[in-house]
2 protein chains.
Amino acid sequence: MDQWVPADAPAGLGQAMRYGVLDGGKRLRALLILAAAEAAGADRVAGGTEAAMRAACAMEMIHAYSLVHDDMPCMDNDVLRRGKPTVHVQFGQAQALLAGDALQTLAFEVLTPDAPADGAGSGAGVDGCLQTRVQARLCGLLARAAGPFGMAGGQAIDLASVGKALDEATLRDMHHRKTGALLLGSVQMGAACGGLEPGSVAWQALSDFGDAIGLAFQIVDDVLDATQASDKLGKTAGKDADANKPTYVSLLGLERAQAESAQLLSRARQALVRSELGEGATAMLAALAERIVHRDH
Amino acid sequence: MDQWVPADAPAGLGQAMRYGVLDGGKRLRALLILAAAEAAGADRVAGGTEAAMRAACAMEMIHAYSLVHDDMPCMDNDVLRRGKPTVHVQFGQAQALLAGDALQTLAFEVLTPDAPADGAGSGAGVDGCLQTRVQARLCGLLARAAGPFGMAGGQAIDLASVGKALDEATLRDMHHRKTGALLLGSVQMGAACGGLEPGSVAWQALSDFGDAIGLAFQIVDDVLDATQASDKLGKTAGKDADANKPTYVSLLGLERAQAESAQLLSRARQALVRSELGEGATAMLAALAERIVHRDH
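Calculation rules
Residues numbered from 1 in each chain as written. Chains lettered and ligands numbered in written order. Predicted model: local features only at pLDDT ≥ 70, side-chain atom pairs only at ≥ 80, totals over all residues. Helix = DSSP H or I, 4+ residues; strand = E, 2+ residues; numbered from the N terminus. Buried ≥ 20, exposed ≤ 12 C-beta atoms within 10 Å, placed from the backbone. Contact = placed C-beta atoms within 7 Å. Least-squares fit on C-alpha atoms with pLDDT ≥ 70 in both. Nonpolar A, V, L, I, M, F, W, Y, C, P; charged D, E, K, R; others polar. Core = buried A, V, L, I, M, F, W, Y, C linked by C-beta atoms within 7 Å. Axes fitted to C-alpha atoms, helices over the stretch in contact; angles between N-to-C directions. Parallel < 35°, antiparallel > 145°, perpendicular 65-115°, else oblique. Left-handed = near helix turned anticlockwise from the far one by under 90°. pLDDT = per-residue confidence, 0-100.

A. Region of the structure containing the overall build of chain A. Broken down by element type, chain A carries 14 helices and two strands. For chain A, buried positions account for 57% of its 297 residues.

Encoded structure:
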């Protein structure tokens, strides 16, 4: 990431981008990509390991851009993120807007290393048909996960929901898009680095795994938001409840929310068995699912 | 475009996206892509014609996203665009931020039709090695044109320049990135749809063409901003001068600015000859260059 987010982008833009994406966060999405790539055997595919590393960084750039924009005054108006002042507090709103925009663009640049680079590019070219097929697929998966029917769509539902009494189906739909889409997309991008084809048994099973942990992640997030202090979370706790935003905890109660996250962990484990990729290959994915459900921040 | 910008994206997001990108603008970038694709013989390449249409729409989505964000109160705070209220005036700042974000993402979705679509996707799949190589290249060219060293970098320079006495070199660098990068990228994307390879004689000549018209476009823009009324332009005229932003006219004077745009038109025409693609194939590019320099709005 340090190598691909340019410090020398003009007029301080690079510094704002680096501030928004470097040294912070759990890197869960990146780890999911690397773990899914390992499960799918990306190390036995030409260019697979580099593709997975690029995919992991690209996904973190998308995640970071969404946080930078989400924190802005016209959205959540948050001043603290990962224990630091948010980007717009540090660099001003206009630069934060641009930095988020450019982080999104850079994600697709990092995924496509063989386009001609005028001036500063993102690294050496990669040749061959397989690699460019994987590049195109990774761009497509990332765009679909982040786009109007994925993350951005979920944020639009979130925006429209403040102060409203959402029903459970709408809450699930919102989180399915807002948080779930990037987590599912991470697992699928890792699978694509290993050459797995959509529609195959392993692809479908890994997608079910990604879906389950995506939902579990948000439920656990809501539980932590209701039960933990800000300094532990590195962000302002209880903010959703204060803003009268619906959460799984406010809707289901703490106990049912915790029970559902446990069920989802079990569903994720079963999906890994069903993938037929082997216990050794999927061990890192299993460990990540465990960590998602049993984390304390 | 009507087909690819989804009206049914959640919670009004689709409506805001469509408002920002449909029925407005000169579509110059899209026309450049289609003209460059014609010059490069995209109609004789499998999938080339569809790739060019997708590239044209993707580029217009990127251009539209940049306008939506640029008009926001924390940037240029513009209330009029293409003769209509700007997106944030019509839909609110938060939805405008999201709509711009999602238009950028959708551009990369439209370029990669063979990624698996969960739910609503952007159309039928495209198979084969050549097509996916073109897809990856188009994503890479678009990202480099729009990213931190392209359009976004130019906007950062612009942001930092308000009220400052920029020298000519910095002004040129700013416009080279802010406006020129997308226009050059448009020509290169069209060339890529015809299978032209970076480094070839035709690619280099078309890139020089794109560079020349990119610069000419901005000079003419500044000339029009200084000489035309708002109702003709469809946006607020004289705004840059009012904000004490440097322009080619304020720096060079009207006469020298007009002389330079004429020289650039001549350079663009020479580049088309040098491409060796033939006068017939490059006629549409030549006509567009003419129109860029001799427009009145």
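The structure having been displayed, the exposition proceeds.
B. Spotlight on the environment of Gly153(B). Summarising the element assignment, Gly153(B) is placed in helix H7 (residues 151-161). Measuring from C-alpha to C-alpha, the distance between Gly153(B) and Asp208(B) comes to 21 Å, with 55 residues separating the pair along the chain. Non-local contacts of Gly153(B), meaning those with residues more than four positions away in its chain, are made with Ala9(A), Pro10(A), Leu13(A), Pro148(B) and Arg177(B).

C. Main features of the relation of the copies chain B and chain A. Of the transformation superimposing chain B on chain A, the axial component is 0.0 Å and the angular component is 180°, with the fit at an RMSD of 0.0 Å. Between the two chains, the operation in question is that of a two-fold axis. By C-alpha distance to the rotation axis, the residue of chain B lying nearest is Ala136(B), at 2.4 Å. Of the interface residues in chain B, 100% have counterparts in chain A that sit at the interface too, so the contact is made through matching surfaces.

D. The arrangement of the interface of chain B and chain A in detail. Between chain B and chain A, the contact holds 55 residues from the first and 55 residues from the second. Within the residue set of the side of chain B that touches chain A, elements represented by two or more residues are helix H1 (13-21), helix H5 (93-110), helix H6 (129-146) and H7 of chain B. Looking at the side of chain B that touches chain A, its residues break down into 33 nonpolar, 15 polar and seven charged.

E. Focus on the nonpolar core. Counting residues in each nonpolar core, the largest one holds 203 residues, and the members touching the most others are Leu142(A) and Leu142(B). Excluding residues that lie within four positions of it along the chain, Leu142(B) makes contacts with Ala58(B), Met59(B), Ile62(B), Ala107(B), Leu111(B), Gly185(B) and Met189(B).

F. Structural detail: the packing of helix H9 (residues 201-227) of chain B against helix H14 (residues 283-293) of chain B. Residues and elements named next belong to chain B. Where H9 meets H14, the closest approach of the two axes is 9 Å, and the angle between their N-to-C directions is 20°. On the basis of their axis angle, the class for H9 and H14 is roughly parallel. Along this stretch, H9 crosses H14, giving a crossing that reads as left-handed. Only Leu285, Ala289, Ile292 and Val293 of H14 make contact with H9, whose side of the interface consists of Phe209, Ile213, Ala216, Phe217 and Val220. Of the residues contributing to the contact of H9 with H14, the split by class is nine nonpolar, no polar and no charged.

G. Fine view of the confidence of the model for chain A. All names here are of chain A. In the predicted model, chain A carries a mean pLDDT of 90, and the fraction of residues at 70 or more is 89%. Segment residues 118-127: pLDDT under 50, and 17 contacts once partners within four positions in sequence are set aside and those in other chains are kept. Scoring of the predicted complex yields 0.93 for pTM and 0.93 for ipTM.

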